[in-house]
Amino acid sequence: MKKLSDEYLPVRKAQTVYGSISGNYAFRGEKTIWFESTLERDFILKQEFNNNVIDVIGQPVVIPYITELGNQSTYTPDFLVQFSSSNCEDFEDFPVPMLIEIKPKKKLVEDWDKLKPKFRAAHRFAADKGWKFKIISETRLYDQYWENINFLKKFRRSHIDAVDQQLLLDTLQKLGQSTINQLPAHIFKDKTNVLKGIHQVWALVAKRIVTCDLYCPLTAETVIWVNQN
(Lines give C-alpha, C1' and ligand atoms only; values in the text may rest on other atoms or scores of the structure.)
Protein backbone atom coordinates (compact mmCIF):
# COMPACT_ATOMS: atom_id res chain seq x y z
CA MET A 1 0.00 0.00 0.00
CA LYS A 2 1.30 3.45 -0.91
CA LYS A 3 1.98 5.61 2.13
CA LEU A 4 0.19 8.93 2.47
CA SER A 5 3.50 10.55 3.43
CA ASP A 6 4.45 10.22 -0.25
CA GLU A 7 1.72 12.81 -0.88
CA TYR A 8 1.35 14.71 2.40
CA LEU A 9 4.16 16.40 4.28
CA PRO A 10 4.08 18.64 7.38
CA VAL A 11 2.72 22.02 6.30
CA ARG A 12 4.22 23.98 9.22
CA LYS A 13 7.80 24.34 10.41
CA ALA A 14 8.52 22.76 13.76
CA GLN A 15 8.56 25.38 16.50
CA THR A 16 8.90 25.15 20.25
CA VAL A 17 5.68 25.81 22.15
CA TYR A 18 6.13 27.97 25.25
CA GLY A 19 5.05 26.25 28.44
CA SER A 20 4.77 22.82 26.80
CA ILE A 21 7.03 19.86 26.07
CA SER A 22 7.89 19.62 22.37
CA GLY A 23 10.39 17.79 20.20
CA ASN A 24 10.94 15.14 17.54
CA TYR A 25 9.75 11.58 18.03
CA ALA A 26 11.71 8.86 16.19
CA PHE A 27 8.84 6.86 14.72
CA ARG A 28 9.80 3.19 14.21
CA GLY A 29 13.31 4.28 13.25
CA GLU A 30 11.96 5.41 9.88
CA LYS A 31 11.36 9.14 10.37
CA THR A 32 10.86 11.84 12.98
CA ILE A 33 7.48 13.36 13.84
CA TRP A 34 7.25 16.74 15.58
CA PHE A 35 5.09 16.93 18.69
CA GLU A 36 4.05 20.02 20.65
CA SER A 37 2.79 18.50 23.92
CA THR A 38 3.06 15.37 26.03
CA LEU A 39 -0.40 14.37 24.77
CA GLU A 40 0.81 14.51 21.18
CA ARG A 41 3.99 12.60 22.05
CA ASP A 42 2.04 9.88 23.82
CA PHE A 43 -0.40 9.66 20.91
CA ILE A 44 2.50 8.99 18.51
CA LEU A 45 3.89 6.33 20.85
CA LYS A 46 0.50 4.65 20.93
CA GLN A 47 0.32 4.56 17.12
CA GLU A 48 3.86 3.18 16.92
CA PHE A 49 2.80 0.05 18.81
CA ASN A 50 -0.34 -0.47 16.71
CA ASN A 51 0.36 -3.08 14.02
CA ASN A 52 -2.55 -1.73 11.98
CA VAL A 53 -0.98 1.73 11.71
CA ILE A 54 1.37 2.05 8.75
CA ASP A 55 1.99 5.81 8.74
CA VAL A 56 1.59 8.95 10.84
CA ILE A 57 2.04 12.44 9.40
CA GLY A 58 2.31 15.48 11.64
CA GLN A 59 0.44 18.70 10.77
CA PRO A 60 -0.52 17.31 7.34
CA VAL A 61 -2.96 19.83 5.83
CA VAL A 62 -4.17 23.43 6.05
CA ILE A 63 -7.97 23.77 6.18
CA PRO A 64 -9.69 27.13 5.51
CA TYR A 65 -12.66 27.98 7.74
CA ILE A 66 -14.81 30.87 8.98
CA THR A 67 -14.34 31.79 12.64
CA GLU A 68 -17.16 32.28 15.14
CA LEU A 69 -16.78 36.03 14.43
CA GLY A 70 -17.21 35.53 10.70
CA ASN A 71 -13.55 36.03 9.72
CA GLN A 72 -11.59 33.86 7.30
CA SER A 73 -8.86 31.76 8.89
CA THR A 74 -7.04 28.44 8.55
CA TYR A 75 -6.71 25.39 10.77
CA THR A 76 -4.03 22.67 10.83
CA PRO A 77 -4.99 19.37 12.53
CA ASP A 78 -2.25 17.62 14.48
CA PHE A 79 -1.93 14.29 12.66
CA LEU A 80 -3.03 12.14 9.75
CA VAL A 81 -2.97 8.41 10.52
CA GLN A 82 -3.02 5.74 7.81
CA PHE A 83 -4.07 2.17 8.54
CA SER A 84 -3.27 -1.15 6.89
CA SER A 85 -5.99 -2.96 4.97
CA SER A 86 -4.23 -6.34 5.13
CA ASN A 87 -6.67 -7.75 7.69
CA CYS A 88 -9.82 -6.59 5.87
CA GLU A 89 -12.07 -9.26 4.43
CA ASP A 90 -14.77 -6.91 3.20
CA PHE A 91 -14.62 -3.54 1.42
CA GLU A 92 -16.93 -2.10 4.07
CA ASP A 93 -14.29 -2.84 6.71
CA PHE A 94 -11.58 -0.92 4.82
CA PRO A 95 -9.90 1.39 7.38
CA VAL A 96 -9.95 4.94 6.06
CA PRO A 97 -7.26 7.46 7.06
CA MET A 98 -7.96 9.43 10.22
CA LEU A 99 -7.39 13.17 10.62
CA ILE A 100 -6.61 13.76 14.31
CA GLU A 101 -6.82 16.72 16.67
CA ILE A 102 -5.19 16.30 20.09
CA LYS A 103 -6.63 18.62 22.72
CA PRO A 104 -6.83 18.52 26.54
CA LYS A 105 -10.38 18.05 27.79
CA LYS A 106 -10.18 21.28 29.77
CA LYS A 107 -9.36 23.26 26.60
CA LEU A 108 -12.18 21.58 24.70
CA VAL A 109 -14.66 22.65 27.36
CA GLU A 110 -13.32 26.17 27.84
CA ASP A 111 -12.80 27.02 24.15
CA TRP A 112 -15.56 24.97 22.51
CA ASP A 113 -17.33 27.92 20.86
CA LYS A 114 -14.04 29.05 19.32
CA LEU A 115 -12.98 25.53 18.31
CA LYS A 116 -16.29 24.35 16.88
CA PRO A 117 -15.96 26.13 13.47
CA LYS A 118 -12.48 24.59 13.02
CA PHE A 119 -13.72 21.12 13.79
CA ARG A 120 -16.76 21.44 11.51
CA ALA A 121 -14.45 22.44 8.67
CA ALA A 122 -12.17 19.49 9.46
CA HIS A 123 -15.15 17.09 9.39
CA ARG A 124 -16.16 18.38 5.95
CA PHE A 125 -12.58 18.30 4.66
CA ALA A 126 -12.07 14.73 5.86
CA ALA A 127 -15.40 13.57 4.41
CA ASP A 128 -14.49 15.06 1.01
CA LYS A 129 -11.22 13.07 1.10
CA GLY A 130 -12.93 9.85 2.19
CA TRP A 131 -11.28 10.16 5.61
CA LYS A 132 -12.63 10.59 9.14
CA PHE A 133 -11.92 13.33 11.67
CA LYS A 134 -11.48 12.55 15.36
CA ILE A 135 -10.80 14.67 18.44
CA ILE A 136 -8.72 12.95 21.12
CA SER A 137 -8.29 14.15 24.70
CA GLU A 138 -6.50 12.51 27.61
CA THR A 139 -9.69 10.64 28.58
CA ARG A 140 -9.64 8.78 25.28
CA LEU A 141 -5.85 8.48 24.96
CA TYR A 142 -4.98 6.96 28.32
CA ASP A 143 -6.75 3.61 28.26
CA GLN A 144 -5.74 -0.02 28.89
CA TYR A 145 -3.82 -0.08 25.60
CA TRP A 146 -1.79 2.92 26.77
CA GLU A 147 -1.08 1.33 30.15
CA ASN A 148 0.25 -1.75 28.39
CA ILE A 149 2.62 0.02 25.99
CA ASN A 150 3.78 2.29 28.81
CA PHE A 151 4.67 -0.87 30.77
CA LEU A 152 6.49 -2.32 27.74
CA LYS A 153 8.62 0.79 27.22
CA LYS A 154 11.15 -0.38 29.81
CA PHE A 155 11.84 -3.52 27.75
CA ARG A 156 12.40 -1.81 24.39
CA ARG A 157 16.16 -1.40 24.89
CA SER A 158 16.66 -4.79 26.54
CA HIS A 159 19.32 -7.00 24.98
CA ILE A 160 18.08 -10.31 23.60
CA ASP A 161 20.60 -13.05 22.99
CA ALA A 162 20.42 -13.91 19.27
CA VAL A 163 20.45 -17.68 19.88
CA ASP A 164 17.78 -17.41 22.58
CA GLN A 165 15.63 -15.17 20.38
CA GLN A 166 15.68 -17.61 17.50
CA LEU A 167 14.91 -20.48 19.85
CA LEU A 168 11.98 -18.59 21.39
CA LEU A 169 10.57 -17.59 17.99
CA ASP A 170 10.99 -21.05 16.46
CA THR A 171 9.28 -22.65 19.45
CA LEU A 172 6.45 -20.12 19.43
CA GLN A 173 5.99 -20.60 15.69
CA LYS A 174 5.65 -24.35 16.18
CA LEU A 175 3.22 -23.95 19.09
CA GLY A 176 1.16 -21.34 17.27
CA GLN A 177 0.62 -19.49 20.52
CA SER A 178 1.73 -19.68 24.14
CA THR A 179 1.85 -17.43 27.19
CA ILE A 180 4.55 -15.12 28.52
CA ASN A 181 5.66 -17.53 31.24
CA GLN A 182 4.96 -20.86 29.50
CA LEU A 183 7.05 -20.24 26.38
CA PRO A 184 10.43 -20.14 28.19
CA ALA A 185 9.35 -23.15 30.26
CA HIS A 186 9.03 -25.15 27.02
CA ILE A 187 12.69 -24.48 26.29
CA PHE A 188 14.67 -23.97 29.48
CA LYS A 189 14.83 -26.34 32.43
CA ASP A 190 16.49 -24.35 35.22
CA LYS A 191 14.75 -21.48 36.98
CA THR A 192 17.44 -18.90 36.18
CA ASN A 193 17.14 -19.38 32.41
CA VAL A 194 13.35 -19.50 32.61
CA LEU A 195 13.31 -16.11 34.36
CA LYS A 196 15.80 -14.76 31.82
CA GLY A 197 13.59 -16.15 29.05
CA ILE A 198 10.50 -14.43 30.47
CA HIS A 199 12.32 -11.09 30.40
CA GLN A 200 13.37 -11.74 26.81
CA VAL A 201 9.80 -12.57 25.81
CA TRP A 202 8.63 -9.24 27.24
CA ALA A 203 11.37 -7.57 25.21
CA LEU A 204 10.19 -9.36 22.04
CA VAL A 205 6.67 -8.04 22.70
CA ALA A 206 8.03 -4.53 23.30
CA LYS A 207 9.96 -4.68 20.03
CA ARG A 208 6.80 -5.90 18.21
CA ILE A 209 8.52 -9.14 17.11
CA VAL A 210 6.02 -11.07 19.18
CA THR A 211 2.49 -9.76 19.61
CA CYS A 212 -0.55 -10.12 21.86
CA ASP A 213 -3.87 -8.44 22.58
CA LEU A 214 -2.78 -5.06 23.92
CA TYR A 215 -6.36 -4.10 24.76
CA CYS A 216 -6.38 -6.55 27.69
CA PRO A 217 -4.27 -6.25 30.86
CA LEU A 218 -0.79 -7.75 30.47
CA THR A 219 0.07 -10.59 32.85
CA ALA A 220 2.32 -13.65 32.90
CA GLU A 221 -0.65 -15.55 31.42
CA THR A 222 -1.04 -13.22 28.42
CA VAL A 223 -1.35 -15.21 25.18
CA ILE A 224 1.33 -14.36 22.60
CA TRP A 225 2.13 -15.29 19.00
CA VAL A 226 4.73 -14.36 16.37
CA ASN A 227 4.03 -11.03 14.68
CA GLN A 228 3.52 -11.92 11.02
CA ASN A 229 3.59 -8.22 10.02
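The structure presented is a predicted model; accordingly, all values stated were derived computationally and were not measured. (Residues numbered from 1 in each chain as written. Predicted model: local features only at pLDDT ≥ 70, side-chain atom pairs only at ≥ 80, totals over all residues. Heavy atoms only, no water.)

(A) Local environment of unusual backbone geometry. For Q59, which is not glycine, the phi torsion reads 45° and is therefore positive. Take Q59: it is sitting in the loop between β3 (53-58) and β4 (63-66). (Helix = DSSP H or I, 4+ residues; strand = E, 2+ residues; numbered from the N terminus.)

(B) Structural view of the nonpolar core. Grouped together as the largest cluster of nonpolar side chains are 46 residues, with contacts concentrated most on F43, F79, I100, L152, L214 and I224. Considering each element in turn, this core owes the most residues, 8 residues, to helix α8 (residues 191-206). Residue contributions to this core reach at least three from each of two domains, namely domain 1 (4-142) and domain 2 (154-226). Counting 17 residues, the second-largest nonpolar core is a separate cluster that includes L108, A122, A126 and F133. (Core = buried A, V, L, I, M, F, W, Y, C linked by side-chain atoms within 4.5 Å. Buried < 20%, exposed > 50% of the residue type's maximum accessible area, 1.4 Å probe, protein only. Domains from an automatic or database assignment.)

(C) Structural context of the side chain of K103. Looking at the secondary structure, you find K103 in the loop between β7 (98-102) and α2 (105-110). Within polar-contact distance, the side chain of K103 engages the side chain of E101 at 3.2 Å. Excluding residues that lie within four positions of it along the chain, K103 makes contacts with L39, L108, L115, I136, S137 and E138. (Polar contact = N/O pair within 3.5 Å; in protein donor to acceptor, adjacent residues only side chain to side chain. Contact = heavy atoms within 4.5 Å.)

(D) Inspection of the domain arrangement of the protein chain at higher detail. With domains assigned, the protein chain is organised as domain 1 (4-142) and domain 2 (154-226). Distance from the C-alpha centre of domain 1 to the C-alpha centre of domain 2: 34 Å. With 7 residues of domain 1 at the contact, the number on the domain 2 side is 7 residues. Each partner contributes to the roughly 540 Å² buried at the junction of domain 1 and domain 2, and carbon and sulfur atoms together form 42% of this total. Considering only the surface of domain 1 that becomes buried against domain 2, E48, F49 and N51 emerge as the three largest contributors, covering 81% of it. (Buried area = accessible area lost by both parts, 1.4 Å probe.)

(E) View of the pairing of strand β5 (residues 72-75). As defined by bridge partners, β4 adjoins β5 across 4 bridges and the pair is classed as antiparallel. Its bridge partner lying in β5, Y65 is registered against S73. Between the end of β4 and the start of β5, which pair antiparallel, lie 5 residues, with G70 showing a positive phi angle near 90°. (Pairing = 2+ DSSP bridges.)

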